[in-house]
Structures are given as structure tokens and as C-alpha cells.
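# A look at the structure
Each chain, letter by letter, is given below.
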Amino acid sequence: MFVVALAYLAFFTIALPPSMLGVAWPSIQLSFGVPLSAAGLVAPVGVATGLVSTSMAAGLTGRFGVGRVLAGGTLLSAVGLAGNGLSATWWQFLATVAVLGFAGGAIDASLNAYAARWFGPGRMTMLHACYGVGAALSPLIVTVTVAAGAGWRPAYLIVSGILAVVGVVFAV
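Please read all numbers here as calculations on a predicted model, not as lab measurements. Numbering of residues starts from 1 in every chain and runs along the sequence as written. Only residues with pLDDT of at least 70 get local features here, since the model is predicted, and only at 80 or more are side-chain atom pairs given and counted; chain-wide, interface and lining totals rely on the full set of residues. Values reported for side chains reflect all heavy atoms of the structure, with hydrogen atoms and water molecules removed beforehand.

### Considerations on the overall build of the protein
Assigned secondary structure in the protein consists of six helices and zero strands. A helix here means a DSSP run of H or I that spans at least four residues, while a strand means a run of E at least two residues long, and both kinds are numbered starting from the N terminus. Starting at the N terminus and ending at the C terminus, the protein contains elements arranged as α-α-α-α-α-α. The reference for a compact globule is 2.2 Å times residues^0.38; the radius of gyration itself is calculated from the C-alpha atoms. For 172 residues, the compact-globule estimate of 2.2 N^0.38 gives 16 Å, and the C-alpha radius of gyration of the protein, at 16 Å, lies within 12% of that figure. C-alpha atoms of the protein, sized along the principal axes, occupy 45 × 30 × 25 Å.

In C-alpha cells, the structure reads:
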């Protein structure tokens, strides 16, 4: 049951980063002085690097095991989000989106393959429901920090901190 709980936590956390952009984008756009259409670059960068790591997931999992891929991917996601929040330029922001995509793809593919093999349909459903909870929570974090006048960057750093803590839990 402990492994199932960790899997649920993993899917909750991988949903946090991609769900923030929609709410944060107006503030991000202003901070970098980019056009509204620049948001269209974010998804392809994340998806492209996610595809690379997804295609490598079987090899990574075979070599390091699901636990290490999960811990490393979560910690790498924390680094990517911190990079987002600390980016001085638009291009730095996009580079850290690439890091997030790579980390998320490895986690998603490895954990889905593991769950498909060892969990039943009910647990698989709950696994993906946990993703939905994470996807609903991170926009709220952005909303709170922006509404409080702190901007979008603290939200990214808060979620980075959450991922760092969870990554350490996975490593242990």
C-alpha cells in the first residue's frame, strides 16, 4: 500500500507545473515583455523534451529502477520550476521549461508502465484522479500569489519547494 501512496503522490506532483502556466501567463508575459503569442512556444518545448525522455524511460527504468527515476525526475522538476521562477529572460524561462518537460516525461512513462503492470484498474483510476487534484491546486497557488501582489514568481518557487520535498521523500 505504501508504494501505491507514493505513486498517487507522484501523479499529484507531476500535474503541478504544467497547470500553472494558464493563470500565470499574463504576469509572465508582462515580466518578459513578450507578445501574447509567445505562450505558444511553451507547450512545444515541454512536449518535445518530454517525448525524448518518454522514449528513454524504459532504458532509464531498467538501469536505475522506478524509484530512482521517480526521485530524480521529481527533483529535476523542482530545479526546472525554480529556474522558471528565477529566470531573468524569456529564453532562460523556455530552457527551464525544457528541463520540466524532460523530467515530467520520464516520471509519467515510468510510473504509468509500473502501475499498468502492478495496479488494478481501480488504482489506475485513482492514480490519474490524483493528477487531476494536482492540476486543480497549482493554478490556485498562482492565483493567491498574484492576488496578494507578489506576482507569479513566488508561486513557481513555492511549487518548486513542494516538489523538492516530495523528491527527497521519494529518494528516501
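Moving on from the model shown.
### Here's the deal with the nonpolar core
Grouped together as the largest cluster of nonpolar side chains are 43 residues, with contacts concentrated most on Ile28, Trp90, Phe93 and Tyr156. Of all the secondary structure elements, the ones that give two or more residues to this core are α1 (2-32), α3 (66-86), α4 (90-118), α5 (121-147) and α6 (153-171). Among the elements that make up this core, the one with the highest residue count is α1 (14 residues). By nonpolar core is meant a set of buried Ala, Val, Leu, Ile, Met, Phe, Trp, Tyr and Cys residues that side-chain atoms within 4.5 Å join together. Buried residues are those whose accessible area, probed at 1.4 Å on protein chains only, stays under 20% of the maximum for their type, while exposed residues exceed 50% and partly exposed ones sit between those limits.

### Description of the packing of aromatic side chains
Geometry of aromatic contacts follows a simple scheme: Phe, Tyr and Trp rings, the Trp one being its six-membered ring, pair when their centres are within 6.5 Å, and the pair is stacked under 30 degrees between planes, edge-to-face over 60, tilted otherwise. Scanning all chains against the criterion turns up eleven aromatic pairs. Ring centres of Trp25 and Trp90 lie 5.6 Å apart, and the angle between their planes is 65°; on these two criteria the pair is classed as edge-to-face. Separated by 65 residues along the polypeptide, Trp25 in helix α1 and Trp90 in helix α4 bring together distant segments of the chain. The two residues Trp25 and Trp90 agree in class, both being buried.

### Notes on the confidence of the model for the protein
As a note on interpretation, predicted positions should not be read in detail where pLDDT is low. Looking at any residue, its pLDDT shows the predictor's confidence there, from 0 to 100. In this model, the protein carries an average pLDDT of 95, and 100% of its residues clear a pLDDT of 70 or more. Across the protein, the secondary-structure element scoring lowest on mean pLDDT is α1, at 93, and the one scoring highest is α6, at 97.

### Comments concerning the packing of α1 against α4
Here α1 crosses α4 at 160°, and the two axes come no closer than 11 Å. One finds that α1 runs roughly antiparallel with respect to α4. In the packing of α1 onto α4, the handedness of the crossing is left-handed. Only Trp90, Phe93, Leu100, Ile107, Asp108, Leu111, Asn112 and Tyr114 of α4 make contact with α1, whose side of the interface consists of Val3, Ala7, Ala10, Phe11, Ile14, Pro17, Leu21, Trp25, Ile28 and Phe32. Each residue is assigned to one class: nonpolar for Ala, Val, Leu, Ile, Met, Phe, Trp, Tyr, Cys and Pro, charged for Asp, Glu, Lys and Arg, and polar for all the others, Gly among them. Of the residues in the contact of α1 with α4, the class split is 16 nonpolar, one polar and one charged. Only the contacting stretch of a helix is used when fitting its axis, a line to C-alpha atoms as for every element, and angles between N-to-C directions run 0 to 180 degrees. The scheme is simple: roughly parallel for angles under 35 degrees, roughly antiparallel for over 145, roughly perpendicular for 65 to 115, oblique for anything else. Helix crossings fall into two classes, left-handed where the near helix is turned counterclockwise from the far one by less than a right angle and right-handed where it is turned clockwise. Contacts were defined at the residue level, with two residues in contact if any of their heavy atoms lie within 4.5 Å.

### Points about helix α2 (residues 39-64)
A helix's residues, less one, multiplied by 1.5 Å, set its expected span. The terminal C-alpha atoms of α2, which comprises 26 residues, lie 35 Å apart, in line with the 38 Å expected from a rise of 1.5 Å per residue. Values of bend correspond, residue by residue, to the angle between axes fitted over the seven residues ending at that residue and the seven starting there. The sharpest bend along α2 comes to roughly 50°, located at Met56. Every buried residue of α2 is listed here: Val42, Gly46, Thr49, Gly50, Ser53 and Ala57. Each element contacted by the buried residues of α2 is listed here: α1 and α4. At the exit of α2 stands Gly65, carrying a positive phi of roughly 90°.

### Side note on a nonpolar patch on the surface
To count toward a patch, a residue needs a relative accessible area over 30% and no salt bridge; like charges are then connected within 9 Å, while nonpolar side chains (Val, Leu, Ile, Met, Phe, Trp, Tyr) are connected within 5 Å. Throughout, the Shrake-Rupley method with a 1.4 Å probe supplies accessible areas, and for residues the shown protein chains are the sole cover considered. Throughout this description, the term salt bridge denotes a Lys or Arg side-chain nitrogen within 4 Å of a carboxyl oxygen of Asp or Glu. There is a patch of nonpolar side chains on the surface, built from Leu75, Val168 and Val172 and spanning about 290 Å² of accessible area. Following the sequence through the fold, Val168 ends up in helix α6.

### Observations regarding α1
For an α-helix the count is 3.6 residues per turn, leaving residues at separations of three or four pointing the same way. Helix length check: α1 (31 residues) gives 43 Å between terminal C-alpha atoms against 45 Å at 1.5 Å per residue, within 8%. At Ala24, α1 shows its largest kink, close to 70°, and the proline Pro26 lies no more than four residues downstream. Backbone geometry just downstream of α1 places Gly33 in the positive-phi region, at approximately 65°.

### Description of the environment of Phe64
Locating Phe64 in the fold gives a position in helix α2. Judged by its relative accessible area of 38%, Phe64 is partly exposed. As for Phe64 and Gly33, which are separated by 31 residues in sequence, their C-alpha atoms are 42 Å apart.

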